[in-house]
Number of protein chains: 2
Amino acid sequence: MKIEYTLIKTEKNTKARLGKIKTNYGEYDTPMFMPVGTQATVKTLSPEELKECDAGIILANTYHLWLRPGEDVIDEAGGLHKFMNWNGPILTDSGGFQVFSLAKPKDITEEGVKFKNQYNGDSLLLTPEKSIEIQNKLDSDIAMSFDECVGFPHTREYVEKSVERTLRWAKRGKEVFNNPRQSLFGIVQGAEFEDLRRHCAEELVKMDFDGYSIGGTSVGESKDVQYQMVEYSCKYLPENKVRYLMGVGDPIDIVENVIRGVDIFDCVSPTRLARHGHALTKYGKINLKNAKYKKDFTPISDECNCYACQHYTKSYIKHLINAEETFGARLLSIHNISYLINLTKELREAIKNDNILEYREEFIKNYYGRKED
Amino acid sequence: MKIEYTLIKTEKNTKARLGKIKTNYGEYDTPMFMPVGTQATVKTLSPEELKECDAGIILANTYHLWLRPGEDVIDEAGGLHKFMNWNGPILTDSGGFQVFSLAKPKDITEEGVKFKNQYNGDSLLLTPEKSIEIQNKLDSDIAMSFDECVGFPHTREYVEKSVERTLRWAKRGKEVFNNPRQSLFGIVQGAEFEDLRRHCAEELVKMDFDGYSIGGTSVGESKDVQYQMVEYSCKYLPENKVRYLMGVGDPIDIVENVIRGVDIFDCVSPTRLARHGHALTKYGKINLKNAKYKKDFTPISDECNCYACQHYTKSYIKHLINAEETFGARLLSIHNISYLINLTKELREAIKNDNILEYREEFIKNYYGRKED
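What counts and what doesn't
Residues numbered from 1 in each chain as written. Chains lettered and ligands numbered in written order. Predicted model: local features only at pLDDT ≥ 70, side-chain atom pairs only at ≥ 80, totals over all residues. Helix = DSSP H or I, 4+ residues; strand = E, 2+ residues; numbered from the N terminus. Buried ≥ 20, exposed ≤ 12 C-beta atoms within 10 Å, placed from the backbone. Pairing = 2+ DSSP bridges. Axes fitted to C-alpha atoms, helices over the stretch in contact; angles between N-to-C directions. Expected span 1.5 Å × (residues − 1). Contact = placed C-beta atoms within 7 Å. Least-squares fit on C-alpha atoms with pLDDT ≥ 70 in both. Domains from an automatic or database assignment.

(A) Representation of the overall build of chain A in the model. For chain A, the helix and strand inventory stands at 15 helices and 16 strands. By principal-axis analysis of the C-alpha atoms, chain A measures approximately 60 × 50 × 40 Å. A burial count over chain A gives 56% of its 373 residues as buried.

Okay, structure coming up:
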């Protein structure tokens, strides 16, 4: 089935939306956070652990799975869900962002993007059609249109041309799209220019996608510029379709962008931070490598119900991280993913109670109010 | 409490023993295999996963925990069980083997072994008393005497002197031992010399330890020499005490040494093999990096009930290993540990049925009979 979004309410004082999305694998509340399983696994975690964290949709990367193990392997396995034993919805990106950020050198033409395979040096060409073909085979629940993610700095002229090409690519992808149980999203680009974001959004809406993503906001600009780009994009997106902000997962960014009308987020940060020994808490990010945790026999957070906080101390997790034991990254991944999922739960509650601005104030006071590490 | 060993029966045609050991954390059947949690974690696994593998006792390393995080941290945490959330018995080694194999250069004197801390270059001295003091603080259920593990090649003269020193060290350790809920084992050394093994065993038995370990058999000699050393050691050990063969975990070695009267084994091999993409099966060790598994959508073993075999295919695990995703090593660790624990179950069954020699024949036919990888 195609994904169905139902808007339940908009918060009284902001654009924050409480909603529900119906998927091939059940209904989920939005705003929501999606953990990232780049290579058909959310780093260090089992599917059961993700369910325990209350994960709904998870994300997998078309670019990585195309190169390894190849979409045909996953197709023959019976699709990505079966391959990786994930009995829940999966969203795949288009590979556009990875080609932008990982593949160098690259050559962008109307046809698509030429680049070298990072593993064996082979010349590869990713086109809008190819991206959709791969995603159709991966059999995710939600696929993304192939787009160009424009970095900073850039000229307005470049972005103008790029948006037009991204629109042509979206159209080409939609035309070959061929998986009845999969939904397809269009991606709003246009950098920091409101008129280009508007144009891109309006043209995509004319093509009638199953949902809309907001791209190009996580590529190194200031938070204020990011929030502005999100505002410009949401303003021209329909109320009855879900909005997904790609690659954004800093807690404050989730709060600020929910307020601006975003429904879904994804980010590698909770697992990446975990591998570096960092834990997200109400009182900010803490670094377990810090000597002061050596004999701290309390959990990461007293208020957290995750497996890591229920059974392990900072002292033990610090030891695991110092000793380069992957169980440390695993415990911190569970905690950090739980933290972000709980954050979206609290945001949903704040929308229900029409007090999300008070929630933001309190959040900022707690998260940034203490000197830590 | 001190560990209590009950001999249930000796197999009709061999010296294989079926037994039970009573520990602070319940009763366990022997022969048994102990997974190794070097740094207070069995690499990549949670305690719950180890329980699902039917693990009984697990092993932790005194040397590693002494250096990181330090025995005082673990003592203040309430002991090793609480520190690592393991609600089952723990055996700690003495550090002797690690000093022998990891610490270089080292200087062995009557007092103990001087060596450099591998992490910061500090000069360290591990003595029999220090080893016991650390283990008392770690609060494991079973502690080991500090011994010298003699490598190959060596002269008989060196081994003679070394055995005498190991006996003096065992006595010194026993004298300072001071943890009423912990058991202490003596370690039989003596290399390949029957009279030295006998002398060492008999002298240790006079000191009356709670159990006996067999050391120095996993240091690079041929399998035949290893089995011989085990025979020489078991021959002079009492029937009513448990016998632990240190660091041996190759499946055939478990079979052969159970036949020679060993009750307990430990080895890092199941988790180490896992990290290298290898799986233990009835039909030998397989290497999942092999191209032929790319589209093999069957489990590692049809007969295995472990979590990995119930939910994942060789194709997926191969992908995870290729992509350097730790979930791959985790799945293979679960499988390999389950394999070795199941092997000891089958051996217990063979002892019950007095057909362990037939079991060995069948085992060898299956394990070595197919050309693989």
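(B) Up close: the sheet that holds strand S9 (residues 123-126) of chain A. Residue and element names in this part refer to chain A. Spatially, 3 strands are ordered S7-S8-S9 in an open sheet, and the strand pairing comes out antiparallel. The open sheet has two edge strands with one neighbour each: strand S7 (106-108) and S9. Put simply, the sheet's adjacent strands are angled 20° from each other on average, direction ignored. Relative to S9, strand S8 (residues 113-116) runs antiparallel, the two sharing 4 bridges. In the sheet register, lysine 116 faces S9, and the bridge partner there is serine 123.

(C) Broad picture of helix H7 (residues 156-176) of chain A. Residue and element names in this part refer to chain A. Across its 21 residues, H7 extends 31 Å between first and last C-alpha, which sits within 8% of the 30 Å expected from 1.5 Å per residue. Of the positions making up H7, those classed as buried are Val159, Ser162, Val163, Thr166, Leu167, Trp169, Ala170, Arg172 and Gly173. Buried-residue contacts for H7 involve helix H6 (128-138), strand S11 (183-188) and helix H8 (194-207).

(D) Spotlight on the interface of chain B and chain A. Facing 30 residues of chain B, the contacting portion of chain A comprises 30 residues. Put simply, the parts of the chain that give the side of chain B that touches chain A at least two residues each are helix H3 (71-76), helix H4 (80-84), helix H13 (314-322) and helix H14 (326-352) of chain B.

(E) View of the pairing of strand S3 (residues 26-30) of chain B. As paired elements, strand S2 (residues 17-23) of chain B and S3(B) share 5 bridges and run antiparallel to each other. Across the sheet, residue B:Thr23 finds its bridge partner in S3(B), namely B:Gly26.

(F) Structural detail: the environment of B:Pro69. Within the secondary structure, B:Pro69 sits in the loop between helix H2 (62-67) and H3. When the C-alpha atoms of B:Pro69 and B:Arg172 are compared, they prove to be 26 Å apart, with 103 residues separating the residues in sequence. Discounting chain neighbours no more than four positions away, the residues touching B:Pro69 are A:Lys294, A:His319 and B:Ile74.

(G) Molecular detail of the sheet that holds strand S9 (residues 123-126) of chain B. All names here are of chain B. If you trace the 3 strands from one edge of the open sheet to the other, you get S7-S8-S9, paired in antiparallel fashion. Since the sheet does not close on itself, it has two edges, and those belong to strand S7 (106-108) and S9, each with one partner. Taking each pair of neighbouring strands and ignoring which way they run, the sheet shows an average axis angle of 20°. One ladder, built from 3 bridges, connects S7 with strand S8 (residues 113-116); its direction is antiparallel. Across the sheet, the residue bridging to lysine 106 is phenylalanine 115, located in S8.

(H) Region of the structure containing the pairing of strand S15 (residues 278-281) of chain B. Residue and element names in this part refer to chain B. Side-chain alternation along S15 places His278 and Leu280 on one buried face and Ala279 and Thr281 on a second face that is also buried. Both S15 and strand S16 (residues 284-287) contribute to a ladder of 4 bridges, which runs antiparallel. Looking across to S16, one finds that alanine 279 is bridged to isoleucine 286. In textbook terms, the turn of a hairpin is the stretch between consecutive antiparallel strands, and for S15 and S16 this stretch comprises 2 residues.

(I) How the structure looks around the environment of B:Lys12. Checked against the element boundaries, B:Lys12 lands in the loop between strand S1 (4-10) and S2. For the pair B:Lys12 and B:Asn353, spaced 341 residues apart in the sequence, the C-alpha separation amounts to 8.9 Å.

(J) Seen up close, the relation of the copies chain B and chain A. Rotating chain B by 180° and moving it 0.0 Å along the rotation axis overlays it on chain A with an RMSD of 0.0 Å. Such a combination of turn and shift is consistent with a two-fold rotation axis. The position closest to the rotation axis in chain B is occupied by the C-alpha of B:Thr326, lying 3.8 Å away. Both copies share a contact surface, since 100% of the interface residues of chain B are interface residues in chain A too.

(K) Representation of the domain arrangement of chain A within the structure. All names here are of chain A. The domain architecture assigned to chain A consists of domain 1 (4-267) and domain 2 (274-369). Look at where the C-alpha atoms of domain 1 and domain 2 centre, and you get two points 26 Å apart. The interface is formed by 27 residues belonging to domain 1 together with 24 residues belonging to domain 2. Among the secondary structure elements, those contributing two or more residues to the side of domain 1 that touches domain 2 are strand S4 (32-34), helix H1 (47-52) and helix H10 (251-259). The dominant element in the side of domain 1 that touches domain 2, judged by the number of residues it contributes, is H10, at 6 residues.

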